[in-house]
Amino acid sequence: MSQGDKDVLTEPGDERISAVPLPRPGRWVAAAVILVLLALFLYGAATNSAYQWTTYWQYLFDQRIAQAALVTIELTVIAMTIALVVGVASAVMRLSDNPVLSGVAWLYIWIFRGTPVYVQLVFWGLLTSIYQEVDLGIPFMVQFTSLSTESWLTPFAAAVIGLGLNQGAYTAEIIRAGVSSVDDGQREASVALGMSWSQTTGRIVFPQAMRVIIPPFGNEFIGMLKTTSLVIAVPFTGDLYTQSQQIAAVLYRPIPLLLVASTWYLAITTVLMVGQHYLEKRFSRGVAGGAARVKDSVTPTDAPAELPLRDGR
Amino acid sequence: MSSQHTVEQTRPDQVRQPMVRAQNVRKSFGSVEVLKGISLEVQPSEVMCLVGPSGSGKSTFLRCINHLEAVNGGRLYVDGTLVGYEERGGRLHELHPRHAAAQRRDIGMVFQRFNLFPHMTALGNIVEAPIRVRKESKRSAVANGRELLERVGLAAHELSYPAQLSGGQQQRVAIARALAMRPKLMLFDEPTSALDPELVGEVLDVMRSLAETGMTMIVVTHEMGFAREVGDHLVFIDDGVVVEAGDPRSVLADPQHERTKSFLSKVL
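All figures in this text were calculated on a predicted structure; none of them were measured in a lab. (Residues numbered from 1 in each chain as written. Chains lettered and ligands numbered in written order. Predicted model: local features only at pLDDT ≥ 70, side-chain atom pairs only at ≥ 80, totals over all residues. Heavy atoms only, no water.)

Looking at the interface of chain B and chain A
Then, in step 1: Taken together, the 30 residues of chain B in the interface contact 26 residues of chain A.
Then, in step 2: Between chain B and chain A the total buried area reaches about 2400 Å² when both faces are included, carbon and sulfur atoms providing 58% of it.
Then, in step 3: For the pair chain B and chain A, the interface holds two salt bridges.
Then, in step 4: When the shortest N-O distance is used, the salt bridge between R63(B) and E188(A) registers 2.8 Å.
Then, in step 5: At the boundary of chain B and chain A, one finds six residue pairs in polar contact (both at pLDDT 80 or more).
Then, in step 6: Of all the secondary-structure elements, those providing two or more residues to the side of chain B that touches chain A are α2 (97-105), β8 (107-110), α3 (122-132) and α5 (167-179) of chain B. (Contact = heavy atoms within 4.5 Å. Buried area = accessible area lost by both parts, 1.4 Å probe. Salt bridge = Lys/Arg side-chain N within 4 Å of Asp/Glu carboxyl O. Polar contact = N/O pair within 3.5 Å; in protein donor to acceptor, adjacent residues only side chain to side chain. Helix = DSSP H or I, 4+ residues; strand = E, 2+ residues; numbered from the N terminus.)

Right under this line is the structure:
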């Protein structure tokens, strides 16, 4: 590579480099192998009678299934709302200077994160037999009213409370991490402008923390959708998985109904992912890679006149 | 001891009270005493430059003035009002956060690292506090904000986010943000230390023109040229005490103390 070099490298023109791309045969082989395997699997699935595709199509839009999907969405949304409220409260408590508040929040997170959600759901189902009545009044003195727990702690309520409180412990940690990720200078600048704690938190810290909070919280939301399939532990039977299994039990055909339930879970997850994408976009204002272009830091005079943006060839 | 050094008053017509009066101010972090009795006065419309080696306590002192740090000893007054505490029945009471916030409202602060709010545009940064804290109408806050952006030479950038601006531009927005609260005192904590050398000038220009409007300013800085040119007073702080103070031109040209001499020989 000695004599030829000089001729090629002298006086490079303005044209863009059009080099011969490096051949990458490994990529083509890997892609071909995987495509063949996938095709084989799809062919097998379509022709294997064990999947019972006619039953699948028959029950995919069954009214009981659609109804159960709706119940699953309700469980998910209500449980995540509880998780968010409880999570914000315990994150704020954890970050507080008050040792009692932060201690109690730590205890809550320790217990609810440290025991299986299935066990917690069984526990919430049994709560009506542990506490039969709830008394409202001043402890040891006056009693205004007494409510039997069974009257309001329905299986649905026990399921959402159980799911929500379990998730709240995880959400608290996500929020704490998000709040801690915001630079201290932000809080300082806000306080120096005379803004109160709530203004600083609500207008400066939280919007920035959201950027860090939303991706894991979106994951947890999708995770919750699937965790609702455990509510039979309460026992609550209205959810998508339990309903599909009940139909399957009558038909003696578990496989197509598993596929039906999976299809619905997947469809709902897809919708949630789209929502997450837009939320992430909303809260990445001012920091997104696309927006973070540095304008005007290069003054026109010190930019070489020839370099950028010639005719767009 | 050297804590007794005070800045002499240059004006004979001492009718107005000083904008800032520090009497034997002390501050410790844990067992480390950072300020060991700082006493000085800043008159209205004066520009005071605080210089000294890093770790000398000058930034801490600045942060005490708007109560970002609570002083442990001595007294600190801004415009005649005790900072951070309230004297009742012969005792000092900690100030309610609401009242501390009210004190800070009138004191603008500019940080070394700008600390602009990254999720807001330049104009959004400026109008946030006037609208939320001073309860200005959105319209008047925006009008005033645009005027300030023009004053710092960034009228074309009101919709830019901080990440889209150069360091010098960000710091100028930060100055405009502080001015939007119509402060009576401006604190600058090494405002040009995080900037590329070619961007320092544009920030100093804004500060110089601000000084010309009669704003009272306390500037922690390593820019001796600025201190000489714009400063009315120069205070050299080392190891938590005021070592030397006086007219910037004479202190810089003819420092009296060994420590001042050795520091200036390194930075000039």
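Quick look at the sheet that holds β8(B)
Residue and element names in this part refer to chain B.
Then, in step 1: A sheet is described by the order of its strands in space; here six strands give the open sequence β8-β9-β10-β3-β11-β12, paired in mixed fashion. Pairing within the sheet leaves two strands with one partner each, and these edge strands are β8 and β12 (241-246). Strand-to-strand, the axes of this sheet are offset by a mean angle of 20 degrees, without reference to chain direction. (Pairing = 2+ DSSP bridges. Axes fitted to C-alpha atoms, helices over the stretch in contact; angles between N-to-C directions.)

What to know about the environment of R132(B)
All names here are of chain B.
Then, in step 1: Within the element layout of this structure, R132 appears in helix α3.
Then, in step 2: Judged by relative accessible area, R132 falls into the partly exposed class, the value being 32%.
Then, in step 3: Sequence-wise, R132 and K27 are 105 residues apart; in three dimensions their C-alpha atoms are separated by 32 Å. (Buried < 20%, exposed > 50% of the residue type's maximum accessible area, 1.4 Å probe, protein only.)

Structural notes on the confidence of the model for chain A
Residue and element names in this part refer to chain A.
Then, in step 1: Put simply, chain A has an average pLDDT of 86, and 88% of its residues get 70 or more.
Then, in step 2: The least confident element of chain A is helix α1 (residues 3-9), whose mean pLDDT is 53; the most confident is helix α5 (residues 99-114), at 96.
Then, in step 3: Within the model, pLDDT remains below 50 along residues 289-313, and this stretch shows 15 contacts once partners closer than five positions in the same chain are excluded. (pLDDT = per-residue confidence, 0-100.)

Overview of the packing of aromatic side chains
Then, in step 1: For the structure shown, the criterion picks out eight aromatic pairs over all chains.
Then, in step 2: Judged by centre distance (5.0 Å) and plane angle (45 degrees), the ring pair of Y108(A) and F112(A) falls under tilted. Placement of both Y108(A) and F112(A) in helix α5 is noted, with a separation of four residues, approximately one turn of the helix. The same class applies to Y108(A) and to F112(A), which are both buried.
Then, in step 3: Here the aromatic rings of F236(B) and F263(B) are separated by 5.2 Å at their centres, their planes lie at 40 degrees, and the arrangement is tilted. In this pair, F236(B) is assigned in strand β11 (residues 233-238) and F263(B) in helix α9 (residues 258-267), connecting sequence segments 27 residues apart. In terms of burial, F236(B) and F263(B) fall into one category: buried.
Then, in step 4: Among the aromatic side chains, those forming a connected cluster through ring pairs are Y51(A), W53(A), Y56(A) and W57(A).
Then, in step 5: Across the ring face of Y77(B), the terminal group of R21(B) is positioned such that the distance to the ring centre comes to 4.9 Å.
Then, in step 6: R177(B) extends its terminal NZ or CZ atom over the ring of F117(B), reaching a point 4.5 Å from the ring centre. (Phe/Tyr/Trp six-rings, centres within 6.5 Å; stacked < 30°, edge-to-face > 60°. Lys NZ or Arg CZ within 6 Å of the ring centre and 35° of its normal.)

Some remarks on the layout of surface pockets
Then, in step 1: Its boundaries defined by the atoms lining it, the largest pocket holds a volume of some 1200 Å³.
Then, in step 2: For the lining of the largest pocket, the elements supplying multiple residues, two or more each, are α4 (63-94), α8 (155-181), α9 (184-192) and α10 (197-227) of chain A together with α2 of chain B.
Then, in step 3: Per-element tally for the lining of the largest pocket: the top contributor is α2(B), with seven residues.
Then, in step 4: Residues belonging to the lining of the largest pocket are distributed by class as follows: 19 nonpolar, nine polar and 11 charged.
Then, in step 5: One number sums up the size of the second largest pocket: a volume of about 290 Å³.
Then, in step 6: As for the second largest pocket, its lining consists of 17 residues, of which I214(A), F217(A), G218(A), F221(A) and L279(A) are closest to the centre.
Then, in step 7: For the lining of the second largest pocket, the secondary-structure elements that each account for two or more residues are α4, α10 and α12 (254-283) of chain A.
Then, in step 8: For the lining of the second largest pocket, the element with the most residues is α10(A), which contributes eight residues.
Then, in step 9: Split by residue class, the lining of the second largest pocket holds 14 nonpolar, three polar and no charged. (1 Å grid on protein atoms, 1.4 Å probe; cavity = no way out; pocket = protein on both sides within 12 Å on 5 of 7 lines; lining within 4 Å. Points joined across faces, edges and corners; volume = space filled by probe spheres on them. Nonpolar A, V, L, I, M, F, W, Y, C, P; charged D, E, K, R; others polar.)

Some details on the nonpolar core
Then, in step 1: V173(B), I175(B), M186(B), F188(B), M207(B), M217(B) and V219(B) are the most contacted members of the largest nonpolar core, which totals 50 residues.
Then, in step 2: L35(B), M48(B), I107(B) and M181(B) belong to the second-largest nonpolar core, a separate cluster that totals 42 residues. (Core = buried A, V, L, I, M, F, W, Y, C linked by side-chain atoms within 4.5 Å.)

Focus on the sheet that holds strand β5 (residues 81-82) of chain B
By way of backbone hydrogen bonds, the strands of a sheet pair with one another, either parallel or antiparallel.
Residues and elements named next belong to chain B.
Then, in step 1: Strand order in this open sheet of four strands is β2-β1-β4-β5, and the pairing throughout is antiparallel. In the strand order of this sheet, the two ends are held by β2 (32-42) and β5, each with one partner.
Then, in step 2: When strand β1 (residues 20-29) meets β2, the two strands line up antiparallel, connected through eight bridges. Note on β2: the bridge partner recorded for S28 is E33.

A word on the state of the cysteines
Residues and elements named next belong to chain B.
Then, in step 1: Scanning the entire structure with this criterion turns up zero disulfides over all chains.
Then, in step 2: Here C49 is not disulfide-linked; the sulfur of C64 is the nearest cysteine sulfur, at 19 Å.
Then, in step 3: Given a relative accessible area of 0%, C49 falls into the buried group.
Then, in step 4: With relative accessibility at 1%, the residue C64 sits in the buried group. (Disulfide = S-S within 2.5 Å.)

Examining α2(B)
Then, in step 1: For α2(B), every residue scored as buried is listed here: A100(B), A101(B), Q103(B) and R104(B). The arc that holds every buried residue of α2(B), seen down its axis, measures 155 degrees, which confines them to one face.
Then, in step 2: On its buried face, α2(B) is in contact with α9 of chain A together with β5 and β8 of chain B. (Arc of directions from axis to C-beta.)

Re the pairing of β12(B)
All names here are of chain B.
Then, in step 1: Of all six residues in β12, five are buried, a share of seventy percent or more.
Then, in step 2: Relative to β12, β11 is paired through five bridges, and the arrangement is antiparallel. Residue pairing in the sheet places F236 in a bridge with E244 of β12.
Then, in step 3: Between β11 and the antiparallel strand that follows it, β12, lie two residues; D239 among them carries a positive phi value of about 55 degrees.

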